[in-house]
Amino acid sequence: MPLVHVTLAEGTTSPEQRARIGDGIYRALVDVANVPENDRFQVFDEVRSTNLIYDPAYIGFDRSPSVLFVQIFFNAGRSPEIKRALYQRIAENLAEAGVRGDDILVNLVDVPKENWSFGRGELSYPPTAGESSR
């Protein structure tokens, strides 16, 4: 289950563009990272521009005030090649939503499966035989 947090400055996107951004991230996760259909959980946080602190030129990029911080929490175990392909697909999909590539910052957070509860206080992915439950 990926949990996606997108943080952006107030007034930099319309509701329609945010929907397209969410769709683009979701499609990339399904198409590249083997996320099941309908496994979509996203939070968009619009904050005052003064609350987004970033270097507009860090490691050679040209970030604008429309920068997006995308943080994706998902199950550990994907290869660096899958992650690289995911970054690329997110950038491609968000370009179609009108987002410049230099304005997309993605952070993936790999978590063990036992760190998820979808509800009722239940462990959603209990360890299987042979897996360590530490």
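Residues numbered from 1 in each chain as written. Predicted model: local features only at pLDDT ≥ 70, side-chain atom pairs only at ≥ 80, totals over all residues. Heavy atoms only, no water.

## Topic: the nonpolar core
Ranked by internal contacts, the top residues of the largest apolar core, which has 21 residues, are Ile25, Leu29, Leu68, Ile72, Leu86, Ile90 and Leu94. Here the element with the most residues in this core is helix α1 (residues 15-33); it accounts for 6 residues. Discounting residues that sit within four places of it in the chain, Leu29 has contacts with Pro2, Val4, Asn34, Val35, Ile72, Phe74 and Leu86. (Core = buried A, V, L, I, M, F, W, Y, C linked by side-chain atoms within 4.5 Å. Buried < 20%, exposed > 50% of the residue type's maximum accessible area, 1.4 Å probe, protein only. Helix = DSSP H or I, 4+ residues; strand = E, 2+ residues; numbered from the N terminus. Contact = heavy atoms within 4.5 Å.)

## Description of the packing of aromatic side chains
Counted by the stated rule, this structure contains 3 aromatic pairs. Ring centres of Phe118 and Tyr125 lie 5.6 Å apart, and the angle between their planes is 80°; on these two criteria the pair is classed as edge-to-face. Members of the aromatic cluster, joined through ring pairs, are Phe41, Phe118 and Tyr125. When the ring centre of Phe74 is taken as origin, the NZ or CZ atom of Arg78, which lies over that ring, is 4.2 Å away. (Phe/Tyr/Trp six-rings, centres within 6.5 Å; stacked < 30°, edge-to-face > 60°. Lys NZ or Arg CZ within 6 Å of the ring centre and 35° of its normal.)

## Quick look at helix α2 (residues 80-96)
Because an α-helix completes one turn every 3.6 residues, residues spaced three or four positions apart along the sequence face the same direction. Compared with an ideal rise of 1.5 Å per residue, which puts 17 residues at 24 Å, α2 spans 25 Å between its outermost C-alpha atoms and is within 8% of the ideal. Within α2, the full set of buried residues consists of Lys83, Leu86, Ile90, Asn93 and Leu94. Here the buried residues of α2 occupy an arc of 95° about the axis, which is enough to place them on one side. Seen from the buried face of α2, the exposed residues on the opposite side, beyond 90 degrees, are Pro80, Glu81, Arg84 and Glu96. In this structure, the buried residues of α2 make contact with α1, β3 (68-75) and β4 (104-111). Gly98 sits one or two positions beyond α2 and adopts a positive phi of about 90°. (Expected span 1.5 Å × (residues − 1). Arc of directions from axis to C-beta.)

## Thoughts on empty space enclosed by the protein
Taken as a whole and assessed by the stated rule, the structure comprises 1 cavity of 30 Å³ or more. Here the largest cavity defines a volume of roughly 30 Å³. Taken together, Pro2, Val4, Tyr26, Leu29, Asp39, Arg40, Phe41 and Gln42 make up the full set of residues lining the largest cavity. (1 Å grid on protein atoms, 1.4 Å probe; cavity = no way out; pocket = protein on both sides within 12 Å on 5 of 7 lines; lining within 4 Å. Points joined across faces, edges and corners; volume = space filled by probe spheres on them.)

## Side note on the sheet that holds β4
In a beta sheet, neighbouring strands pair by backbone hydrogen bonds and run either parallel or antiparallel. Strand order in this open sheet of 4 strands is β2-β1-β3-β4, and the pairing throughout is mixed. The open sheet is flanked by β2 (42-47) and β4, the only strands paired with a single partner. On average, adjacent strands in this sheet sit at an angle of 15° to one another, irrespective of strand direction. Pairing geometry for β3 and β4, over 8 bridges, is parallel. Of the residues in β4, the one forming a bridge with Phe69 is Leu105. Along the sheet face, α2 touches β3 and β4 and points at about 140° away from the line of β4. (Pairing = 2+ DSSP bridges. Axes fitted to C-alpha atoms, helices over the stretch in contact; angles between N-to-C directions.)

## Side note on unusual backbone geometry
In this structure, Asn34 takes a positive phi of about 60° despite not being glycine. Relative to the helices and strands, Asn34 is located in the loop between α1 and β2.

## So, the side chain of Ser64
Its location among the elements puts Ser64 in the loop between β2 and β3. Classification of Ser64 by relative accessible area gives buried; the value is 17%. The residues contacting Ser64, other than those within four sequence positions of it, are Tyr54, Arg100 and Asp103.

Any link to function would need more than the numbers given here.
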